[in-house]
Amino acid sequence: MKDVIVGESYVVGDHINTDAIIPGRYLGKLASVPVEMYPEILRKYAMEDLDPKYPPFLDKEKRCPYKIIVAGRNFGCGSSREHAQIALKGAGIEVVVAPSFARIFYRNCINGAWFPPTESEEDLSKQIATGDELKIIISERKIVNVTKGEEHSSKPFDLLAKNILDAGGLTQYNLRRI
Amino acid sequence: MEMTITEKTLARGAGRKYVKPGEFVDVDIDILGMNDVTSTGAIKLLRKYFNNQIAEDLNIVVTPDHYDHRDIDSAELYKELMGFCEEHRDHKKMWVYPLGENYGICHVMLPQEGHVRPGDIIVGGDSHTCTYGALGAFSTGIGTTEVGNVLATGKLWFKVPESLKIIIKGENPENIMAKDIFLHVVGNIGVDGALYQAMEWEGRPINELNIDEKLTLTNLDIEAGAKSGIIQPDEKVFEYLEGRLKLPLDDSRLVYSDPNAKYASVLEYDISDLPPLVAKPYLPSNVVPASELENVRIDQAFIGSCTGAKAYDLEVAAEILKGNKKARHVRLIVSPATQKIYKEVMQNKLGKIFLDAGAVIWPPGCGACLGAYMGVLASGEVCISSTNRNFRGRMGHRESKVFLASPMTVAASAVKGYIRGAEL
């Protein structure tokens, strides 16, 4: 797992749900596909049903210019579909920052080691704007807004969550224990 | 130390005497639920990393219910899951419910087929797995990586959740259902009001609910962000389980909350004057009385899913539709939750009531609820639905709208063509 992530941010509000992140109509796309191909398959549908008040997450070529999502409360509420993490990861997201995450979404991020679900000390969705360049240093719990010259902090990961992330996910973590 | 029912159950699963909220535990999983749409990655994971070996003592219930042959992709998902079951047919603790005379939506199938016991620890690849708390089990939804690892190890880590006690008081009004009780609470606390907590329901109106209604109440708890939902098992639960259970009851697992157990908070609601409620788009917490929405014209009324098409749900809906016709402009869809319920409907007077009301009766499945197939909405269309989510795009086009209500309110609305609570 990367410790330092630098890139443009995409900012959304509270309760961004998994139906917005990857609509139910696309969940069949993983049939007959090797696991390694999952992110490539799902990335082009990422955030397709997000409220149209937000700027497009993907450009016309279905590429995502962002590496970091900054969200309000309860990011990832709704379904347990891990397709949500896979779609975001496939689109190029390397970290999601939010004051709170829906629990199943949070666990899926950790157990699949898709990206660190980073809990910010405060809600940054009003302080950071889409397109701001951020530098996130996980180990130092720092969220630096390079564009605005501001610095914020994140909460530490629980030890177990950190160990699973560091192992590369629950599968690798379990394989080392067996 | 005094504990809640949830803490005691997780302590038992972890082989510990005592656990407290915030602690991490590794627990033995009693039952794993697998469906067609979230299992594919788990099956591949088991093959690739764990030599295709399933943990010996793990009970597995397989219910292909989400996609059901709507297209080639979904047919492949079904085929893969059934192939997996066939490959592991020597695993004695696997129950499979393929498309046929006994299949249906997982959260109705597991209780119906006697897989849920009080005190069990149940996980499944679907967020509404929290349903089984209605029978006194700890149950929660998990992702595909977790399904794969539970298959391999029979265990899963948890952070012990705090419990949130919800006390319901007063008299159950006749034109409301468990759905309305939940909508009232989530309207008050919000979709993250119980974030990572175990919602523990109690009070006389809760005890008076029948099992189908209790299942609705705990199913919906994820919509308040809860980890799990639970109602302490009473006599009615044990009557329901009688003659139904696939595995014997284990009295040592029967636990109840201690009188001085600690709760994150205790909330009380009196429902005596509760009117029929509706959650407007695009959050289940966006709740108003149905009476405020009487000029909302509907295109579709959907009576189906794990919160709206159990036997009792359909009896109540039929009571409203009896002798009535749906409004001309409305598509009224009834989709019984399991094939056993479907058979009951078709072979008794309910089927005639639905057909005479102008409904189409569709087979069991999750498709409509998640906008996968059957009842998919076009842009600008409005659906009143007995399902559990109304996020943007949930049942179809992202410019469609879903209003959540009880099966009773959905039936009453279908007749009017506009949103209406039932008048009894």
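Residues numbered from 1 in each chain as written. Chains lettered and ligands numbered in written order. Predicted model: local features only at pLDDT ≥ 70, side-chain atom pairs only at ≥ 80, totals over all residues. Heavy atoms only, no water.

> Before we move on, could you go through the overall build of chain A and cite the residues and values that matter?
Counting its secondary structure elements, chain A contains 6 helices and 7 strands. On C-alpha atoms alone, chain A measures out to a radius of gyration of 15 Å, which is about the 16 Å that the 2.2 N^0.38 rule sets for 178 residues. Taken along the three principal axes of its C-alpha coordinates, chain A extends 45 × 45 × 25 Å. In chain A, once contacts between residues fewer than 6 apart in sequence are set aside, the share between residues at least 24 apart is 66%. Per element, the accessible surface of chain A, about 6,900 Å² overall, is 51% carbon and sulfur. For chain A, the distance from the average position of its 24 positive side-chain charges to the average position of its 24 negative side-chain charges is 4 Å. (Helix = DSSP H or I, 4+ residues; strand = E, 2+ residues; numbered from the N terminus. Rg over C-alpha atoms; globule rule 2.2 N^0.38 Å. Contact = heavy atoms within 4.5 Å. Areas by Shrake-Rupley, 256 points an atom, 1.4 Å probe, with all protein chains shown as cover. Lys, Arg positive; Asp, Glu negative; His and termini not counted. Charge placed at Lys NZ, Arg CZ, Asp CG, Glu CD.)

> Quick rundown of the layout of surface pockets? Include the residues and the values.
Looking at the largest pocket, its volume works out to about 490 Å³. Lining the largest pocket are 26 residues; nearest its centre among them are Val 35, Gly 112 and Trp 114 of chain A together with Leu 45 and Thr 145 of chain B. Put simply, the parts of the chain that give the lining of the largest pocket at least two residues each are helix H2 (38-42), helix H3 (83-91) and helix H6 (170-177) of chain A together with helix H2 (40-49) and helix H5 (144-153) of chain B. Among the elements that line the lining of the largest pocket, the one with the most residues is H2 of chain B, at 6 residues. Of the residues in the lining of the largest pocket, the class split is 10 nonpolar, 12 polar and 4 charged. Here the second largest pocket defines a volume of roughly 290 Å³. Lining the second largest pocket are 15 residues; nearest its centre among them are Asp 14, His 15, Ile 16, Asp 51 and Tyr 54 of chain A. Partitioning the lining of the second largest pocket into residue classes produces 7 nonpolar, 3 polar and 5 charged. (1 Å grid on protein atoms, 1.4 Å probe; cavity = no way out; pocket = protein on both sides within 12 Å on 5 of 7 lines; lining within 4 Å. Points joined across faces, edges and corners; volume = space filled by probe spheres on them. Nonpolar A, V, L, I, M, F, W, Y, C, P; charged D, E, K, R; others polar.)

> Just give me the short version of the sheet that holds strand S9 (residues 197-202) of chain B, but keep the residues and values in it.
Residue and element names in this part refer to chain B. The 4 strands are arranged S10-S9-S8-S11 in an open sheet whose pairing can be described as parallel. The sheet is open, and its two borders are formed by strand S10 (228-231) and strand S11 (265-270), each paired with just one other strand. The sheet shows a mean angle of 20 degrees between the axes of neighbouring strands, taken without regard to direction. Here 6 bridges tie strand S8 (residues 162-169) to S11, and the two strands are oriented parallel to one another. Bridge pairing links Ile 166 to Leu 267 in S11. (Pairing = 2+ DSSP bridges. Axes fitted to C-alpha atoms, helices over the stretch in contact; angles between N-to-C directions.)

> Account for helix H10 (residues 311-321) of chain B, naming residues and giving values.
One turn of the α-helix equals 3.6 residues, which is why residues spaced by three or four share an orientation. Residue and element names in this part refer to chain B. Among the residues of H10, those classed as buried are Asp 313, Leu 314, Val 316, Ala 317, Ala 318, Ile 320 and Leu 321. Buried residues belonging to H10 abut helix H8 (211-219), strand S14 (300-304), strand S15 (331-335), helix H11 (339-347), helix H12 (349-356) and helix H13 (407-416). Just downstream of H10 lies Gly 323, where phi reads positive at about 75 degrees. (Buried < 20%, exposed > 50% of the residue type's maximum accessible area, 1.4 Å probe, protein only.)

> So, unusual backbone geometry: which residues are in play, and what are the values?
A cis amide bond, omega 0 degrees, links Pro 281 of chain B with the succeeding residue Tyr 282 of chain B. Within the secondary structure layout, Tyr 282 of chain B lies in the loop between strand S12 (277-279) and strand S13 (287-289). Of note in the backbone geometry, Asn 74 of chain A takes a positive phi value of approximately 60 degrees without being a glycine. Inspection of the secondary structure puts Asn 74 of chain A in the loop between strand S2 (68-70) and H3.

> Can you lay out empty space enclosed by the protein for me, pointing to particular residues and giving the numbers?
Throughout the structure, instances matching the rule amount to 3 cavities of 30 Å³ or more. Considering only enclosed or pocket space, the largest cavity measures out at about 210 Å³ in volume. Lining the largest cavity are 22 residues, and of these His 66, Asp 126, His 128, Leu 370 and Arg 394 of chain B sit closest to its centre. By residue class, the composition of the lining of the largest cavity is 8 nonpolar, 10 polar and 4 charged. When residues of the lining of the largest cavity are sorted by domain, at least three fall in each of domain 1 (5-268) and domain 2 (279-416) of chain B. Reported here for the second largest cavity is a volume of approximately 110 Å³. What lines the second largest cavity is a set of 15 residues, among which Arg 103 and Ile 104 of chain A together with Ile 222, Gly 225 and Ala 226 of chain B lie closest to the centre. Sorting the residues of the lining of the second largest cavity by element identifies helix H4 (103-111) of chain A together with strand S6 (138-141) of chain B as the ones contributing at least two each. Of the residues belonging to the lining of the second largest cavity, the class tally is 6 nonpolar, 7 polar and 2 charged. (Domains from an automatic or database assignment.)

Geometry only, nothing functional implied.
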